[in-house]
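Here's the letter readout for the chains.
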Amino acid sequence: MFSKLTSILQHAVEALAPSLPLQEDFVYHWKAITHYYIETSDDKAPVTDTNIPSHLEQMLDILVQEEHERESGETGPCMEYLLHHKILETLYTLGKADCPPGMKQQVLAFYTKLLGRIRQPLLPHINVYKPVQKLIRLCGEVLTAPTENEEIQFLCIVCAKLKQDPYLVNFFLENKLKVLASKGSASVITEDMLKGQDSLMTDTGQSIQPEEISNAAGAEHIEKEDDLSTSLDELNVTSSPEASAIRLNQDYNLVNSLLNLTKSPDGRVAVKACEGLMLLVSLPEPAAAKCLTQSTCLCELLTDRLTTLYNALPLSVDPLDIESVEAVNWGLDSYSHKEDASAFPGKRALISFLSWFDYCDQLIKEAQKTTAVAMARSVRERFFVGVMEPQLMQTSEIGILTSTALLHRIVRQVTSDVLLQEMVDFILGGHREPETLTDINRHPLRHRLIEHCDHISDEISIMTLRMFEHLLQKPNEHILYNLVLRNLEERNYTEYKPPCQEDKDVVENGQIAGAVDLEEDPLFADLSPDNTLSNQEWLSVSPPISPEHPKNDGKSEVHKIVNSFLCLVPEEAKSSYHVEGTGYDTYLRDAHRQFRDYCAICLRWEWPGSPKSLEKCNLEASFFEGHFLKILFDRMGRILDQPYDVNLQVTSVLSKLSLFPHPHIHEYLLDPYVNLASGCRSLFSVIVRVVGDLMVRIQRIPDFTPKLLLVRKRLLGLEPEGPIIDHMTLLEGVIVLEEFCKELAAIAFVKYHASSTP
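Residues numbered from 1 in each chain as written. Predicted model: local features only at pLDDT ≥ 70, side-chain atom pairs only at ≥ 80, totals over all residues. Heavy atoms only, no water.

1. Side note on the nonpolar core
Next, step 1: Counting 213 residues, the largest nonpolar core has Leu-91, Phe-154 and Tyr-252 as the members making the most contacts within it.
Next, step 2: Here this core takes 17 residues from helix 31 (residues 728-756), the largest share from any one element.
Next, step 3: If we ignore the near neighbours within four places in the chain, the residues touching Phe-154 are Leu-108, Tyr-111, Thr-112, Leu-115, Val-132, Leu-135, Ile-136 and Cys-139. (Core = buried A, V, L, I, M, F, W, Y, C linked by side-chain atoms within 4.5 Å. Buried < 20%, exposed > 50% of the residue type's maximum accessible area, 1.4 Å probe, protein only. Helix = DSSP H or I, 4+ residues; strand = E, 2+ residues; numbered from the N terminus. Contact = heavy atoms within 4.5 Å.)

Printed below as a string of structure tokens:
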């Protein structure tokens, strides 16, 4: 319709007035190109030896000049001529034949410059998007072809245009009609095979434009016989008794060509192809998203390359080397082994794997929701489950350590919420009901990883604990709920007791009878006015109170709790007050910052501000703290007999758990006065048992306090390494225990202060 109208207008203009000089010039250059093919007999001479490149450049300059001279959106006579005479279609044919040699490059460059330099929308014109479609199919056919650079530039300009006007993507979802026969194999009718490439004619003679065909992208199987006959009639396809169904499939050749070019040995071409895919997956059009995931091999390419790069890694890589690799950006995957002073075997392969994983992560993060879910699910099923799980479940300690270190690195690196959800389901499973001892292995990988936190190999234990520590800091509610909260939901770790008079015994100034004010206790020099934050400082830096977190009972209550943790370690087992800079106030500042970060993460999870009412809790159900807390408590109970690094990691995970602003976590991990049900244990009760054991063992070690102080100074680098000290593991464990109690006290205080600050 558009071409007929422009033809009529063109003839009218030519009849009424002489042609404009620009149009004459434009036609001259085009005629010069066509005359070359009529007059030349040497079709083997390269195109650079002809005037064709110059004529094409002049045509492009004329089109740009014409647009600048006219009002915005107005089509000039030169552009009308290009559209009406199907110049782009002719150029496509010449480029496909590559006649003369090098013509394909010239055509690709012309298309690229035309789409890039002309401001008015060209792609909606049928005489533009049809040849553009065809030229797209020629791209990526041959890797390392001499036209690769021109191909990727052309594809990227098309992607950029689609990003500007996403609805245009429907022009590039090419239809393929598949008629399924009951006897023979399926016959395929492509759109170009149907009569009239520009439009399809129904039996009523009505024209169906390509955009209407594109909008039918989501057509499903037509099961009813009447619907089938009607559809076949509309498409001028004769219905036969054998035909039982017809399905409208689509080809997304723009994606397919880019996928081919991502395999290019030329890194610059591959990166540009990845950038083009990034633009396409972000388009909001549902039809394009469906076609992208169902009719292209995008998901397979992502996961297959992940698998290939993962399998290329050495069987054993030092976890410290995996940790030491700096943040990897997929677009900057350049590495020189000779220039790297910290090179190690497999570093090149590791960077390549992490770079591609980063690309998958960013692609899913930018993608339209349907596309993102499909890609993330493919990564989980084909890579996480298919490749990583067997490595994590193996029995070889070297293999376990390497695969866990890689999983830890991936957990740290992932930023896409959709991919994170699939990763969480892979690691933890989807279970949300309370755990029991009999079903802790319902999700084998979760069970194995938690067991690895208490592995005979300290390296494996530390690496797995680090992985869980970083996993807990990810913005996904299911992580904490699956590992901890589902087992605390009913508060059946408590034993309900009506309050007695002693609990209500409060003196006039609000201090609980028998409690010691921290500022006045000579045993806690760390809390002197010089070391603590003033009330005014806290008012200025504390996180704001939210409606979900109402005020607690009062200052006296938090002083009791803080006192309880600070008094746990006996005086003769304390050494921090002998060393400057190890005071309680340092933990206050860190706890405040971390708690604020955790509150920001948990803000959208709509947690309650107070514990669930005991009247509504099922206190009769048997309590099990869950596999994860069980392992952590078991390890905490052995803190006096474990290596220093293991203790640091165990206490680090427990302190991170304590920071979460959920009332049940706060009660179970930070309330020393919770009435525990029979047979239950809490973090405080575990530490009490450790301290009881410590009191007995201290009596057997001569010069315990001087040795303890010496070990602390060595750990801080204040004393040079000297002769080995007896009971080193125990002494280091005592130091970690003292610091952990101070950290828990600081967290309890910060949580109270944050909830009580107006």
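Now that the structure has been shown, we can carry on.
2. Overview of helix 21 (residues 458-472)
Next, step 1: Between its first and last C-alpha, helix 21 extends 21 Å over 15 residues, near the 21 Å set by a 1.5 Å rise per residue.
Next, step 2: Here helix 21 lies mainly inside the structure; eleven of its 15 residues are buried.
Next, step 3: Every buried residue of helix 21 is accounted for by Ile-460, Ser-461, Ile-462, Met-463, Thr-464, Leu-465, Met-467, Phe-468, Glu-469, Leu-471 and Leu-472. (Expected span 1.5 Å × (residues − 1).)

3. A closer look at a negative patch on the surface
Next, step 1: Negative charge collects at one region of the surface, where Asp-318, Asp-458, Glu-459 and Asp-645 lie side by side.
Next, step 2: Tracing the backbone through its elements, the reader meets Asp-458 in helix 21. (Patch = residues over 30% accessible without salt bridge, like charges linked within 9 Å, V, L, I, M, F, W, Y side chains within 5 Å. Areas by Shrake-Rupley, 256 points an atom, 1.4 Å probe, with all protein chains shown as cover. Salt bridge = Lys/Arg side-chain N within 4 Å of Asp/Glu carboxyl O. Lys, Arg positive; Asp, Glu negative; His and termini not counted. Charge placed at Lys NZ, Arg CZ, Asp CG, Glu CD.)

4. Brief notes about unusual backbone geometry
Next, step 1: In this structure, Pro-100 follows Cys-99 across a cis peptide bond, with omega equal to -5 degrees.
Next, step 2: Looking at the element boundaries, Pro-100 is found in the loop between helix 5 (87-97) and helix 6 (103-117).
Next, step 3: Positive phi is not limited to glycine here, since Thr-144 has a value of about 55 degrees.
Next, step 4: Structurally, the position occupied by Thr-144 is in the loop between helix 7 (126-138) and helix 8 (148-164).

5. Remarks on the pattern of salt bridges
Next, step 1: This model, assessed by the stated rule, comprises 31 salt bridges.
Next, step 2: The shortest N-O distance in the salt bridge between Glu-74 and Arg-70 comes to 3.0 Å.
Next, step 3: Judged by its relative accessible area of 34%, Glu-74 falls in the partly exposed class.
Next, step 4: Its salt-bridge partner being Glu-477, residue Arg-432 comes within 3.1 Å of it at the nearest N-O pair. With Arg-432 in the loop between helix 19 (417-428) and helix 20 (444-452) and Glu-477 in helix 22 (residues 477-488), this pair connects stretches of sequence that are 45 residues apart.
Next, step 5: Judged by relative accessible area, Glu-477 falls into the partly exposed class, the value being 22%.
Next, step 6: One network of salt bridges, in which partners are shared, links Glu-57, Asp-61, Lys-113 and Arg-117.

6. Quick notes on the environment of Arg-448
Next, step 1: Mapped onto the elements, Arg-448 comes out in helix 20.
Next, step 2: Each C-alpha atom of the pair Arg-448 and Ile-427 lies 9.9 Å from the other, and the pair is 21 residues apart in sequence.
Next, step 3: Setting aside anything within four residues of it in sequence, one finds Arg-448 in contact with Leu-392, Met-393 and Gln-394.

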